[in-house]
Amino acid sequence: MEPNSSVHSEHCDQQVFMRKWNSSSLFHPQSAPVFLLNPQGEFIQANFKFKEVFGAQIIGRHYHEVMHEEDISRADEIFLRTLKGETVTADGMEFQCPEGVRFYQITTMPMFEGEVVNGVFCIVLDVTEHKMAEEALRRSEAALRLSLHIAGLGKWEWDIRHKSIHLSEEMYVILGLPQDSTKEEIFACWERVHPEDLAQFNLTMKRLLEGHPSSVRLRYHHPDGSVRHLEMMGELLSDERIRINRLIVTTRDITETVENEEKLRNSEELYRLISENSQDFITLSDANGCIYYVSPGVRHLLGYEPEEMMGKQRSFYYHPEHRKDAEMPPGKDMHIATVRCLHKNGHYVWIEVSTKLVCDEKGNMTKQLGIGRDMTDRMAAEEIVLRSEKLTLTGQLAAGIAHEIRNPLTAIKGFLQLLDGGFPLRKDHVAVMSSELMRIESILNELLLLAKPHELKFYQRDVNQIIHQVVTLMETEANMKNVVLSFWPWEGSIPVACDENQLKQVFINFIKNGMESMPDGGELYVHTEIRDQKALVTFKDFGTGIPEDVLARIGQPFLTTKEKGTGLGLAVSFSIIENHNGTVMVKSELGKGTVFTVQLPLAK
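About the thresholds
Sequence order as written defines residue numbering, which begins from 1 separately in each chain. Totals for whole chains, interfaces and linings use every residue, but because this is a predicted model, local features are given only for residues with pLDDT of at least 70 and side-chain atom pairs only at 80 or more, for both listing and counting. Computation of side-chain values: all heavy atoms of the structure, hydrogens and water removed. Every helix listed is a DSSP run of H or I at least four residues long, and every strand listed is a run of E at least two residues long, numbered separately from the N terminus. To sort residues, take the accessible area from a 1.4 Å probe on protein chains only and compare it with the maximum for the residue type: under 20% means buried, over 50% means exposed, and anything in between is partly exposed. The criterion used for residue contact is that any of the two residues' heavy atoms lie within 4.5 Å. Areas reported as accessible are Shrake-Rupley estimates using a 1.4 Å probe. Residue values count occlusion only from the protein chains shown. Any two strands with at least two DSSP bridges between them are considered paired. Axis lines are fitted through C-alpha atoms, for helices just across the contact stretch, and the angle between N-to-C directions can take any value from 0 to 180 degrees. Note that His is not counted, nor are the chain ends; the positive residues are Lys and Arg, and the negative ones are Asp and Glu. A pair is scored as a salt bridge if a Lys or Arg side-chain nitrogen falls within 4 Å of a carboxyl oxygen belonging to Asp or Glu. Residues adjacent in sequence count toward polar contacts only when both atoms are side-chain atoms; beyond that, a polar contact is any pair of N or O atoms within 3.5 Å, and within protein one must be able to donate a hydrogen and the other to accept it. An expected span of 1.5 Å times one less than the residue number is assigned to each helix. For this quantity, the arc is that covered by the directions from the helix axis to the C-beta atoms. Note on terminology: a nonpolar core comprises buried Ala, Val, Leu, Ile, Met, Phe, Trp, Tyr and Cys residues joined through side-chain atoms within 4.5 Å.

Chemist: Whenever I open this one, the overall build of the chain confuses me. Can you help?
Modeler: Regarding its fold elements, the chain presents 17 helices and 22 strands. Within the chain, buried positions represent 36% of all 604 residues. When contacts within the chain are restricted to residue pairs at least 6 apart in sequence, long-range pairs at least 24 apart make up 51% of them. Put simply, the chain shows about 36,600 Å² of open surface, and 54% of that area lies on carbon and sulfur atoms.

Chemist: How should the sheet that holds strand β5 (residues 116-126) be read in this particular structure?
Modeler: Hydrogen bonds along the backbone pair up the strands of a sheet, which may run parallel or antiparallel. The five strands are arranged β2-β1-β5-β4-β3 in an open sheet whose pairing can be described as antiparallel. Across the chains shown, the open sheet's two edge strands, defined by having one partner strand only, are β2 (43-46) and β3 (88-97). Strand-to-strand, the axes of this sheet are offset by a mean angle of 35°, without reference to chain direction. In this structure, strand β1 (residues 34-37) lies alongside β5, joined through four bridges in antiparallel fashion. Bridge pairing in β5 places L36 opposite F121. Those strands touched by helix α3 (residues 72-83) are β1, β3, β4 (100-113) and β5, and its axis lies near 130° from that of β3.

Chemist: Which parts of the structure should I look at to understand the side chain of D541?
Modeler: Tracing the backbone shows D541 in strand β20 (residues 534-541). Among buried Asp, Glu, Lys and Arg side chains, D541 stands out as unpaired, with K540 the closest opposite charge at 9.4 Å. Within the structure, D541 has its side chain in polar contact with the backbone nitrogen of G543 (distance 3.0 Å). Excluding residues within four positions of it along the chain, D541 makes contact with G514, S517, M518, E523, L524, K592, G593 and T594.

Chemist: What's the story with helix α7 (residues 195-209) in this structure? I'm lost.
Modeler: Residues separated by three or four positions in an α-helix point in the same direction, a consequence of the helix having 3.6 residues per turn. Between its first and last C-alpha, α7 extends 22 Å over 15 residues, near the 21 Å set by a 1.5 Å rise per residue. Among the residues of α7, those classed as buried are D197, F201, T204, M205 and L208. Projected onto a plane normal to the axis of α7, the buried residues spread over an arc of 100° and lie on a single side. Where α7 ends, the next residue or the one after it, G211, has phi of about 100°, a positive value.

Chemist: Explain the pattern of salt bridges to me, please; I cannot follow it from the model alone.
Modeler: Pairing between side chains of opposite charge can happen when the charged atoms of each approach one another. Per the counting criterion, the structure on display carries 22 salt bridges. Among the salt bridges present, the one from R252 reaches E231, with a minimum N-O distance of 2.7 Å. Of this pair, R252 sits in strand β10 (residues 244-253) while E231 sits in strand β9 (residues 227-239); the two residues are 21 residues apart in sequence, bridging distant segments of the chain. For R252, a relative accessible area of 28% puts it in the partly exposed group. One salt bridge connects E529 with R531, and the closest N-O pair in it is separated by 2.6 Å. On the basis of relative accessibility, which here comes to 15%, the residue E529 falls in the buried class. Take R531: its relative accessible area is 44%, and that puts it in the partly exposed class.

Chemist: I'm lost on the nonpolar core in this one. Help?
Modeler: Nonpolar side chains in soluble globular proteins tend to be buried together. In terms of nonpolar packing, the biggest core is built from 36 residues, with F507, F539 and F596 touching the most fellow members. The dominant element in this core, judged by the number of residues it contributes, is helix α14 (residues 463-480), at seven residues. Each residue touching F539, except ones within four places of it in the same chain, is listed here: I467, F507, F510, I511, Y525, V526, T594, V595, F596 and V598.

Chemist: Help me understand the sheet that holds strand β11 (residues 281-286) in this model?
Modeler: Read across the sheet, five strands follow the order β12-β11-β15-β14-β13 without closing on themselves; strand pairing throughout is antiparallel. For this open sheet the edge positions go to β12 (291-294) and β13 (334-342), each flanked by a neighbour on one side alone. The sheet shows a mean angle of 25° between the axes of neighbouring strands, taken without regard to direction. With six bridges joining them, β11 and strand β15 (residues 365-374) adopt antiparallel strand pairing. Within the sheet, the bridge partner assigned to S285 lies in β15 and is Q368.

Next comes the structure, spelled out in structure tokens:
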């Protein structure tokens, strides 16, 4: 293919250039780096500046050796295009030089010998600083976009000189506009500003255009029908020298914040009304119990002015005997205690104190909220009720004792009258009187145990061993009554702190009750287990069951369904378990049987 005149002219220019290659201008220290490659891509000529940057031993090396590996394929493409006679300019080429990676703009020109390209002449311009500035700007803009997105901020820019406007994606969302909205539609959206806020909005825009950074809060009628609260902050960028006249405004939807502020104001107002007018008093203490707020209600209850209590420890006002009762139990965040508090006049007043711990996000206690309530009248009323209950219980006990003892005394009295009338006293008569006296003694012993239990002596024992001993003891009686007594123990020991003899008495009572509820015989199961760090002992029979009205009052003295029962056995059993910090649960169904479950704390 014949070269055209322009190519031929270029040949001539390049030949002239080659004749001037050794000109001093190319080797001047301030000149741009230039070099010449042969058709194989090897350096055959380079000026002083290029050798200064890439090393004096550059001649004879291949250009691949100074290129960044990611740009080699791109450099090959440029080199081949130049060998075909094309002049090429490429930006941002990475070169490896002794001082590190640098970015260059490179221009390559074919060097002709006749009509054949026998070399590639290259001029390089260092654009590293420009490239790094562009990259920094790109990262900065990306970080700004990310920050605005995370913060929920919208941004709009108004180029006043060119009358154009640009909105960020978040801004379209805030204003409820589609992203293909026209400039006119965007400007028209400000007509949705609440009429009461329009004057303030216009004033803010005027100040911005005058060059004063300003902000404004306003209400905006969103296209979805809701009224949103927006906060805008803006600044004017203006520089006549570089012809900039642009308004930049960030916008944030603060509807939720405004609503929360309103709720907080209402809450604070309600709290103030309650705090200042309640008959109870409220205290706030720090983590160490030092009071820093007291509501006015303290005047009525304790006679102090709120300021008199501030700075003092809460415990200072508790009666010494009740300070431990008012302490927060370990692992709890709320506690209610009835204590005596010191009145300003020197006497003590019964107060119910509710304490709530307030913790931060990490779970660390920051303050203690206390509410004090006057308990004087309630304590007096409870004392009256307690005395009444004691009198009622005394009457019940007296009636029960009279009823239970009258029958054996009648038999004894009858035999004594026979003896007094001259009738001889037979051996069977003595046996009857002895039996009746033993019955009276049994009633009195159970009554004394219920009324005043003996001092408990606690030792660690295995519940399984206690039950095994009781079952062994009761098997003979069970066989006589045609009852199958089965024990299903928990695998492993069940340690509890207890008075062993008293627990045996309880377990015997429950087994006897179960057997007596099955007059025709049956099955009675005893089962032990550990659940939720508690020892559980279950007694299950398949007897007649307990009526619902009796079940609701079970455990009360002299309450029984047996023809000859005293009702004291269950009352004593319940009292013993309660003294062991345990509980008794009873479930029963008429005709199907009863389940007694004893729950005791495991020994530590």
